[in-house]
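# Summary of the model geometry
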Amino acid sequence: MSMLSSYLTLAAVLFCIGLYGVLTKRNAIIVLLSIELMLNAVNLNLIAFSKYGVQPSLAGQIFSLFTISVAAAEAAVGIAVLIVLYRGRASVNVDEFDELRG
Amino acid sequence: MDNTFFAEYAWLVPLFPFIAFAVLTAMGKGLKKTGAWIGTIASFLSLVLSLCIAGERLSGNAPDYGNQMDWITIGKLKLVAGFEVTNLSTLMLVVVTLVAFLVNLYSQGYMKKDERISTFFAYVALFTSSMLGLVLSDNLLTFYIFWELVGVCSFLLVGFWYQKPEAKAAAKKAFIVTRIGDLGLLIGLLLLFWYMPGHALDFTTLHNVYDTQSGAISTGITTLIALLIFVGAVGKSGQFPLHVWLPDAMEGPTPISALIHAATMVAAGVFLVVRTFDIFEASQVAMNTVAIVGAFTAIFAATIGLAQNDIKRILAYSTVSQLGYMMLALGVGSVTGAMFHLFTHAFFKALLFLGAGSVIHSVHTQDIREMGGLGRKMKITAWTFGLGSLALSGIPPFSGFWSKDAILTAALDKQPILFVVAVIAAFFTALYMARLFFLVFAGKPREGQHAKESSSVMTIPLIVLAVLATVSGFVETPFNGWLGHWLFPEGAEHDASGLVMVVSAAVGLLGLYIGWLTFVKGTIRRNAISDRAPGLVTLVARKYYIDELYHVLFVRPLQGLGKVLDLFDDYVIDGVVRLTGHGASALGRLNSRLQGGQVQTYALTALISIVILVVAIAGRRFW
Amino acid sequence: MLDDLPVLSLIVLAPLLGALIVLALPSARSNWLRITAIIFTLIPFILTLWLFADYQPAVGGGAYTEHSTWLSIPLNQEQFNASVTSLKLVFDYHLAVDGISLPLLLLTGVVSTMSALASVHIRKRWKTYYSLFLLLLTGIYGVFLARDLVLFFIFFEVTLIPMFFLIGIWGYYGREKAATRFLIYNGLGSAAMLLSFLILIATLGFSAVEGAGGVNLLFGGNYDTILSNLSNPAAYANVDNDLTHQFGLYLNDQTKWTAFVLLLIAFGIKVPIFPFHTWMLRVHTEAPPPVVMIHSGILLKMGVYGLIRFAMFLFPEQLHAWTGVIAVLGVINILYGAILACVQTEFKLVLAYSSISHMGIVLLGIASLEEVGLQGAIYQSVSHGLISALLFLIVGSIYERTNTTQLSELGGLARSVPFISGVLLLGGLASLGLPGLSGFVGEFLSFLGMFGSMKIVTAIGVLGILFAAVYVLRSILNITYGSLPEQYVGMKDARFIEALPMITLAALIILLGVYPSILTDLMQHGFSGFLEQIHTRMGG
């Protein structure tokens, strides 16, 4: 049991670092990287539960593989969007973009 | 011939003037002179029919006739409209139609030059019709309806010269002050409706309930109802403290003052008490109130009358005072006395007003200080006015003497103090009439005044009324109680009292004599009192500052309350509404600031919300 | 001849058809638009008159009832036991007339026609104006005729939108604000009403029909179903057991009170009851006179009608428990409105506050729960509708001539426009309750009814008629009496098109004042059944 809790703790720490980065960093690249951190924290959880959970099964690890591939795709799209934005604005600072404003 | 042949057609009496009103209103201004004749003829027809009814009933053995129809039926409740011909209503019919006809005739001359003459006659016709309806009503609801209608006609006629600010104010005052009384009557009527067995409001049932089923309505409620009804009478009949409208109502054309504010409508209050007298009789408190209010009004108004200079206002206060006499008579239980005085007063007061109108018509002023010596130029007016003054002052053998005598006798019998008050008031009455008469008709003519006698259409009514004012007292004298027996067959006897006759005649004569000494002979200086007690004279001349008092006591606070409530409405109630509106939009602005387009803010909001949610869900476990 | 026609539907739909025709007409032809609009207000008016002539109080309006299913949504019936073959949500198109709605229908007919005539004062965008006007009429007729809660709600909402535009486009300077306020207040009222209706439908709109294969269950807003379910002790809503709890059918006292209070608020805003009255002052002052005629003359009465039809008929126990509250609210309305009317300097505000005062008398009539009082309430509604329509008609005519309704700037009009002044005086006298005119009968009956149970409160309320005399005379004498300011010399008196509605309304006011049986006989059986029912329920 103690193994599980240490994994979960690590994942929580990773998640919080990621969340902190997402909320505070102005540079969009760092924000994207922080999101990767959060995703990896989730992956870690999935794998930990698949090994030490109540009903251990491979499903968790398979899910984490899915997540990694989807995250890769997401990062690719995110970077592409960033590049387009950078071309338009010459900046990657998140707080300069408020196109979502209603 | 059947004894109720004419009585069955009594509903036609008010209908004639009503038709005249309808025709005059529909035709409008085009009629002019013709319109005046339509009104006059209608009132003449009413008079003829009333006389026929009276003739039929004079024998005294004609049965009462009444007829009802359902006005509103709601479930088991029925509100009834109906008319009833009794000796009492017949007497009133004759008085009203007679005075109305004479006033109509007189107005032909008096209002000749007014461009709204047909409107005037239309209003007069409507008034006559309503007044006759009131007289014929057989139940309190119908009575109330006509009661209000005469009130509104009075309002319309007081404000007839609507361009004058005084007329406008007087009309408003007349309506609102009498409405206070009407309010009392209405509440009394509602009370009566719920307490009467079978929700009956007709006078016959009322009489029976109090006559036979005594105790059907408790004494407390009876007193309350009686007092509320009396409030109505006080308003209409200009009794203290609601008398203030009547003198102001003199802004109306003078024939109106004669018809409405002397002979008929103002007497309706007395008539109301007479009709509901059974309720009053059942409550000693109510009777005492009526007597005291009446006596007080009689002397109170008489003193004010002494210090006025407007010929019509003197007569108006005199009317108030005489109505006080009638109330006094009712309060001491003499219904006959009240009705008798109402009857004679209608003639001599209408005569005095019409005479005053004739004077005003001729000299174009109402201030008696600007008149004088008119007796030589206006002989008929002067003579008839003199007869009226004698009747009002209670000089034998004129009508006023006999009716006042009846009241004084009854008062002495029941309440000697009130008798004294009434005698003093009688003295003042004679005094102010002497002052009025001598200042106007005696002395030297004023320079530059081209007074001349009015046309015959105006003097004939004066003569007729003068004859009536002289002789009408003989229907009921201490030696001959015909009127009382005719009106109230089961009613009380008229006690003869030599003392009262002597006292009453003596104070009348004394008043006239002092008046003669002061204003003709000059033995007593005119300003003998005002030199010694100027404050007193001012107090009386300003009508004891009652108007001012009411202004401070009621008008101002109400205006203030209105203003305060207005602010309350604007700032508190509407303020809350505005606050809600502003609150909503402030909330909206706050939320829109959150939607700044900053992804990180959104994420932070989401985070905080999740934390709150988790804390809330987790927290629920603990309590 | 006319017996086979769906009269009630015609009444409701004729104005709608008129609105469509108006939309199809070229907008430049103002006269065509005007005449079309007048014709299509006349059609329902004539039909209501025909209803009036044919109506037999003892029978009721049964012959005219129109009932068909309008919307039916099948629901999953498996949650019930096997004997239930179907479960449906059913909304009906159900129109009916009775002694309570008929007087108000007649009032609608009269006032709308007069308002259509008075719309000659409207100076712009006739096409939009008349189409909205006619749409509004459809809503009003629908409200008075609908007997299905959902249908009622829809018609009620239909009146809001055209009113919003009529105020907001053709009003005076503060029109937009007034329109917004109107919409927000009435929207709130509608929300309360909707909530209450949903409670009623969910618990009481439940009826079982025995079919071939078993029981068919119906859920719907049928007023009659709801009414009979409420008064039937065996109905599910009144049975407190596990089954009714499981399906949320049981209507406990608390919910009843909630529904009742919501209805009171919903219709109280419309009436309006103090302190929900400020929106109505704005509408009175800012809307164009013909629209105010409709608003003050008819729309406020929708509140009264709703109070009687829903709050009172459905929840007599609650109303009975609250008669004191409602009577006191009524007295507050009477005195508050009257005293405030005494100090206003703008004639339209005087009339607005006087409306508040008069609606207080209606509340007293309702609170009496006596037949006299209830009939008085309806009578007073009709009478006030006619009187305020007349007064606002005159306001329109005066404003057209003088460009002001400030009391301080008016005076002496009796000299230049005697006809208008005379009718104004008549309207004022009717408003202060002069016997012989309609106002008196309504007031008297309401007071009479209320006086039976609460003497002192009513006596205080009666004071209102004194203040009525004060504010009416103060304002009207200020306008018509006195000397004529120079700028008003030589004004023209009423044209025929203005005089016609004035005379009609004045004649009706006199007719109702002299011969009230014409209306009270109609209402004769409108309340008696209800009262018997509550007396047995209260007595038991």
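By convention here, each chain's residues receive numbers from 1 onward along its written sequence. Note on labels: chains are lettered from A, ligands numbered from 1, in written order. Restriction of local features to residues with pLDDT of at least 70 applies here, the model being predicted, together with a cutoff of 80 or more for giving and counting side-chain atom pairs; totals for whole chains, interfaces and linings are based on all residues.

This next bit is on the domain arrangement of chain B. For chain B, the assigned domains read domain 1 (1-138), domain 2 (334-540) and domain 3 (548-622). The split into domains, and so the bounds of each, comes from an automatic or database assignment of domains. Summarising the inter-unit geometry, the C-alpha centres of domain 2 of chain B and domain 3 of chain B are found 72 Å apart.

Taken N-terminus to C-terminus, the directions of helix 6 (residues 165-195) of chain B and helix 18 (residues 438-453) of chain C make an angle of 60 degrees; their axes are 10 Å apart at the nearest point. Regarding the angle of helix 6 of chain B to helix 18 of chain C, the classification is oblique. Crossing of helix 6 of chain B over helix 18 of chain C shows right-handed handedness. Residue-level inspection shows B:Leu190, B:Phe193 and B:Trp194 of helix 6 of chain B in contact with helix 18 of chain C, the latter providing C:Phe447, C:Leu448, C:Phe451 and C:Gly452. Lys, Arg, Asp and Glu make up the charged group, whereas Ala, Val, Leu, Ile, Met, Phe, Trp, Tyr, Cys and Pro make up the nonpolar group; the residues left over, Gly among them, are polar. Here the residues of the contact of helix 6 of chain B with helix 18 of chain C are counted per class, giving six nonpolar, one polar and no charged. Fitted lines through C-alpha atoms give the axes, limited to the stretch in contact for helices. The angle between two N-to-C directions lies from 0 to 180 degrees. Secondary structure elements follow DSSP: runs of H or I of four or more residues count as helices, runs of E of two or more count as strands, with numbering from the N terminus. In what follows, roughly perpendicular refers to angles from 65 to 115 degrees, roughly parallel to angles under 35, roughly antiparallel to angles over 145, and oblique to any angle outside these ranges. By the definition used in this description, the sense in which the near helix is turned from the far one sets the handedness, with an anticlockwise turn below a right angle giving left-handed and a clockwise turn giving right-handed. Here, residues touch in the contact sense if the C-beta positions derived from the backbone fall within 7 Å of one another.

All names here are of chain C. Two strands are counted as paired when DSSP detects at least two bridges linking them. Two elements, strand 2 (residues 84-95) and strand 4 (residues 215-220), share six bridges in a ladder whose sense is parallel. For Leu87, the partnering residue across the bridge sits in strand 4 and is Leu217. Bridge count between strand 3 (residues 206-210) and strand 4: five bridges; the pairing is antiparallel. Across the sheet, Glu210 pairs through a bridge with Val215, a residue of strand 4.

Between chain A and chain B, the contact holds 10 residues from the first and nine residues from the second. The class makeup of the residues in the side of chain A that touches chain B is five nonpolar, one polar and four charged.

With that settled, the discussion passes to unusual backbone geometry. Geometrically, the link from B:Pro396 to B:Pro397 is a cis peptide bond, its omega value of 5 degrees lying close to zero. As for its position among the elements, B:Pro397 is in the loop between helix 17 (379-393) and helix 18 (399-414). Following C:Phe274, the chain continues to C:Pro275 via a peptide bond in cis, the omega torsion being 0 degrees. By the secondary structure assignment, C:Pro275 is in the loop between helix 9 (253-270) and helix 10 (278-286). The backbone phi angle of A:Ala90 is positive, close to 60 degrees, even though this residue is not glycine. Along the chain, A:Ala90 turns up in the segment after helix 3 (59-89). Residue C:Leu369 is not a glycine yet carries a positive backbone phi of 50 degrees. Looking at where C:Leu369 falls in the secondary structure, it is placed in the loop between helix 14 (347-368) and helix 15 (371-402).

Any set of buried Ala, Val, Leu, Ile, Met, Phe, Trp, Tyr and Cys residues joined through C-beta atoms within 7 Å is what this text calls a nonpolar core. Neighbour density around each residue's C-beta defines its exposure: 20 or more other C-beta atoms within 10 Å make it buried, 12 or fewer make it exposed, and counts between make it partly exposed, where C-beta atoms are placed from the backbone. By size, the foremost hydrophobic cluster in this structure holds 417 residues, and its most contacted members are B:Val99, B:Val270, B:Leu328, B:Ala350, B:Ala422 and C:Ala311. No other element matches the 20 residues that helix 19 (residues 416-441) of chain B contributes to this core. When we break this core down by domain, the ones giving at least three residues each are domain 1 (1-138) and domain 2 (334-540) of chain B. Contacts of B:Val270, omitting those with residues within four sequence positions, involve B:Ala233, B:Ser237, B:Leu323, B:Met326, B:Met327, B:Leu330, B:Ala338 and B:Leu342.

Another aspect to go through is the arrangement of the chains. Most contacts, when the two pairs of chains in contact are compared, are made between chains B and C. Chain A shows no contact with chain C. Their nearest C-alpha atoms sit 24 Å apart.

It is worth spelling out the sheet that holds strand 2 of chain C at this point. Residue and element names in this part refer to chain C. Strand order in the open sheet formed by four strands is 1-2-4-3, with mixed pairing between adjacent strands. Of all strands in the sheet, those bounded by a partner on one side alone are strand 1 (66-75) and strand 3. Going from strand to strand, the sheet's axes swing by 35 degrees on average, the running direction of each strand aside.

Okay, the environment of B:Gly481 next. Residue and element names in this part refer to chain B. Along the chain, Gly481 falls in the loop between helix 20 (456-471) and helix 21 (482-487). With 20 C-beta atoms packed within 10 Å, Gly481 lands in the buried category. Sequence separation of Gly481 and Ala451 is 30 residues, and the distance between their C-alpha atoms is 44 Å.

Size of an interface, as often reported, equals the accessible area lost when the parts are brought together. The interface of chain C with chain B comprises 37 residues on the first partner and 37 residues on the second. Elements represented by at least two residues in the side of chain C that touches chain B include exactly helix 13 (323-343), helix 15, helix 16 (413-416), helix 18, helix 19 (455-480) and helix 21 (517-523) of chain C. With nine residues, the top contributor of residues to the side of chain C that touches chain B is helix 19 of chain C. When its residues are assigned to classes, the side of chain C that touches chain B shows 25 nonpolar, 10 polar and two charged.

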